[in-house]
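# Structural characterization, general
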Amino acid sequence: MTSEYGETAVIQSLAPGPTEGVSYPLKVFYCGQCSMPTEYCDYSGQTDLCRAWATQNAPELLEGLEISEEPAEGDEKKKQKRGGKGSKTGAAAAAGGKKKSGPKKVTLQREPRGKKSVTVIKGLATFDIELKVASKLFAQKFACGSSVTGADEIVIQGDVKDDLLDFIPEKWPQVTDELIDDLGDKKR
Amino acid sequence: MFKKFDEKEDVTGATQLKSSVQKGIRKKLIENYPYLEPHLEEILPKKENFKVIKCKDHIELLADHLGVVRFVKTRNTDYIPTLRTLHKYPFILPHQQVDKGAIKFILNGSSIMCPGLTSPGAKLTPQVPKDTVVAVMAEGKDHALAIGLMSMSSEEIQSINKGNGIESLHYLNDGLWHLAEKPLN
């Protein structure tokens with residue numbers, strides 16, 4: 001083998017590699033209705049809803065790009081409705097709705113970490129409380145470690161659930177006693 | 001594989017990783033997807049910690065610091081990008097293109113059959129060995145619609161032209177797709 005050959009073999013991948021002159025990451029438009037890239041709306045089984053969404057939210061995408069109005073597509077749509085696809089998308093939509101209307105609630109939970117345990121607080125962000133500030137506050141109050149571990153989750157090292165039940169309503173009056181849920185221990 | 005996948009049911013726990021382990025995973029990703037290297041910083045910034053979310057059936061999800069699932073590991077594959085990651089960086093996996101007729105079956109979760117890969121509308125990337133993770137593209141579409149595992153090599157698909165060619169791991173609108181839609185906690 002020549003050395004040239006060796007050099008090309010450094011990248012041992014069959015992937016095409018980035019196209020030159022295109023900047024990544026690519027921006028892909030997803031349909032707000034079926035959540036797929038807009039070019040696949042034809043196959044969503046709810047073409048009419050997709051079209052309605054597109055006309056409302058992204059009219060520039062409609063131009064020739066997607067959701068053709070050929071009768072053949074209509075047939076396809078009907079076929080899919082009879083199959084499992086229709087019910088599935090319906091179920092998915094229902095699940096999505098549930099999540100959105102989720103109650104404004106703070107949940108406390110003790111979670112074992114070996115022989116010690118931590119306290120997990122969720123839902124503070126739904127009350128417009130700055131998580132970083134809150135976590136710092138907990139750390140100071142309980143003299144322990146505390147960190148923001150998710151979009152709406154704080155972990156406090158040590159079992160401070162009982163103290164929290166008093167401390168949170170005191171600190172943030174908008175979170176009343178009833179709005180705090182004690183989930184107890186998390187099972188391993 | 002992810003036809004039914006629900007955050008509540010299938011997730012068993014999330015762990016913050018040690019930075020040494022994170023380094024190892026980053027290295028492995030670059031090893032598996034060499035083209036990803038210049039972009040890995042955008043996907044998993046070095047400064048931020050990413051999380052591993054363990055699920056049933058030996059499935060592991062890799063979520064970035066915002067909680068968006070970027071990679072998945074299954075029992076028989078290494079970390080593979082999710083479709084949303086792949087859409088942004090389509091060049092990291094070898095492409096296999098199917099014809100139009102196959103699209104609706106794939107979107108229902110079916111495996112990719114050989115004839116769908118060899119017909120005129122399709123494009124088969126040659127020399128892809130068995131058990132490679134590939135991006136499944138479609139005739140006339142710009143974006144991938146599924147990620148699969150080659151159950152035969154490209155040559156075998158061409159010559160046998162029957163039965164399963166690519167096993168579907170992850171496709172548009174499956175459970176994982178919806179999971180990756182918004183950040184997890």
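Residues numbered from 1 in each chain as written. Chains lettered and ligands numbered in written order. Predicted model: local features only at pLDDT ≥ 70, side-chain atom pairs only at ≥ 80, totals over all residues. Heavy atoms only, no water.

Rules: UniProt positions are given in the numbering used here, feature names are shortened, and annotations may be inferred rather than shown by experiment.
In the annotation of an unreviewed UniProt entry, chain B is listed under the name PUA domain-containing protein and assigned to Caenorhabditis briggsae. Regarding chain B, the UniProt comment filed under Subcellular location (unreviewed entry) reads as follows: "Cytoplasm". Within the UniProt record for chain B, the comment given under Sequence similarities (unreviewed entry) is "Belongs to the MCTS1 family."

Going by the annotation in an unreviewed UniProt entry, the name recorded for chain A is Density-regulated protein, with Caenorhabditis briggsae given as the source organism. For the record of chain A, the UniProt heading Sequence similarities (unreviewed entry) holds the text "Belongs to the DENR family."

## Looking at the environment of His-65 of chain B
All names here are of chain B. Formally: Numbering goes from the N terminus for both helices and strands, where a helix is a DSSP run of H or I of at least four residues and a strand is a run of E of at least two. Only heavy atoms enter the contact rule, under which two residues are in contact if any of them lie within 4.5 Å.
Tracing the backbone shows His-65 in the loop between β3 (60-63) and β4 (69-73). Between the C-alpha atoms of His-65 and Ile-43, which are 22 residues apart in sequence, the distance is 9.5 Å. Filtering out sequence-adjacent residues up to four positions away, His-65 remains in contact with Pro-45, Glu-48 and Asn-49.

## Things to note about the packing of aromatic side chains
Ring pairs (aromatic) are described by centroid distance and by the angle formed between their planes. Short version of the rule: For Phe, Tyr and Trp, where Trp contributes only its six-membered ring, two rings pair if their centres lie within 6.5 Å, and the inter-plane angle classes them as stacked under 30 degrees, edge-to-face over 60, or tilted in between. To sort residues, take the accessible area from a 1.4 Å probe on protein chains only and compare it with the maximum for the residue type: under 20% means buried, over 50% means exposed, and anything in between is partly exposed. Both a distance and an angle decide whether a charge sits over a ring: NZ of Lys or CZ of Arg must be within 6 Å of the ring centre and within 35 degrees of the ring normal.
The tally for this structure, following the rule as stated, stands at six aromatic pairs over all chains. Between the aromatic rings of Phe-138 of chain A and Phe-167 of chain A, the centroid separation amounts to 6.0 Å while the plane-to-plane angle is 65°, which identifies the pairing as edge-to-face. Here Phe-167 of chain A lies in helix α7 (residues 161-171) and Phe-138 of chain A lies in helix α6 (residues 131-142), a separation of 29 residues in the sequence. Overall, Phe-138 of chain A belongs to the buried group, its relative accessible area being 0%. Under the relative-accessibility criterion, Phe-167 of chain A is labelled buried at 9%. Centroid distance Tyr-89 of chain B to Phe-91 of chain B: 6.4 Å. Interplanar angle 85°. Geometry classified as edge-to-face. Per residue, the accessibility class of Tyr-89 of chain B equals that of Phe-91 of chain B, and both read buried. Among the aromatic side chains, those forming a connected cluster through ring pairs are Phe-138, Phe-142, Phe-167 and Trp-172 of chain A. The ring centre of Trp-177 of chain B lies 3.7 Å from the NZ or CZ of Arg-84 of chain B, which sits over that ring.

## Re the pattern of salt bridges
Under the convention used in this document: Definition used for salt bridges: Asp or Glu carboxyl oxygen within 4 Å of a side-chain nitrogen of Lys or Arg.
Applying the stated criterion across every chain yields a total of eight salt bridges over all chains. Residues Arg-110 of chain A and Asp-159 of chain A are paired through a salt bridge, measuring 3.5 Å at the closest nitrogen-oxygen approach. Here Asp-159 of chain A lies in the loop between β4 (153-157) and α7 and Arg-110 of chain A lies in strand β1 (residues 106-113), a separation of 49 residues in the sequence. When the shortest N-O distance is used, the salt bridge between Arg-70 of chain B and Asp-64 of chain B registers 3.1 Å.

## A closer look at the environment of Leu-145 of chain B
Within the secondary structure, Leu-145 of chain B sits in the loop between β8 (133-138) and β9 (146-150). Those residues within four positions of Leu-145 of chain B in sequence are excluded, and the remaining contacts are Tyr-40 of chain A together with Leu-83, Ile-103, Ile-106, Leu-107, Val-136, Met-137, Ala-138, Tyr-171 and Leu-172 of chain B.

## Concerning the interface of chain B and chain A
Here is the rule: In this description, buried area is defined as the sum, over both parts, of the accessible area (probe of 1.4 Å) that is lost when the two are combined. Whenever two N or O atoms come within 3.5 Å, that pair is a polar contact, provided that in protein one can donate a hydrogen and the other can accept it, and provided that, for residues adjacent in sequence, both atoms are side-chain atoms. Under the scheme applied here, ten amino acids are nonpolar (Ala, Val, Leu, Ile, Met, Phe, Trp, Tyr, Cys and Pro), four are charged (Asp, Glu, Lys and Arg), and all others, including Gly, are polar.
Opposite the 40 residues of chain B that make contact, chain A presents 30 residues. In this assembly, chain B packs against chain A so that about 3200 Å² is buried in total across both faces, 60% of it on carbon and sulfur atoms. The interface formed by chain B and chain A contains zero salt bridges. At the boundary of chain B and chain A, one finds 10 residue pairs in polar contact (both at pLDDT 80 or more). In terms of residue count, the dominant contributor to the side of chain B that touches chain A is helix α4 (residues 83-88) of chain B (three residues). Of the residues that constitute the side of chain B that touches chain A, the class distribution is 19 nonpolar, 10 polar and 11 charged.

## Some thoughts on α7 of chain A
Residues and elements named next belong to chain A. Using the following cut-off: Here the arc refers to the directions that run from the helix axis out to each C-beta atom.
By the burial criterion, the buried members of α7 are Lys-161, Leu-164, Phe-167 and Ile-168. Relative to the axis of α7, the buried residues are bounded by an arc of 110° and lie together on one face. For α7, the exposed residues lying more than 90 degrees away from the buried face are Asp-162, Asp-166 and Glu-170. If you follow the buried residues of α7, they end up packed against β1, β2 (116-122), α6, β4 and β5 (180-185).

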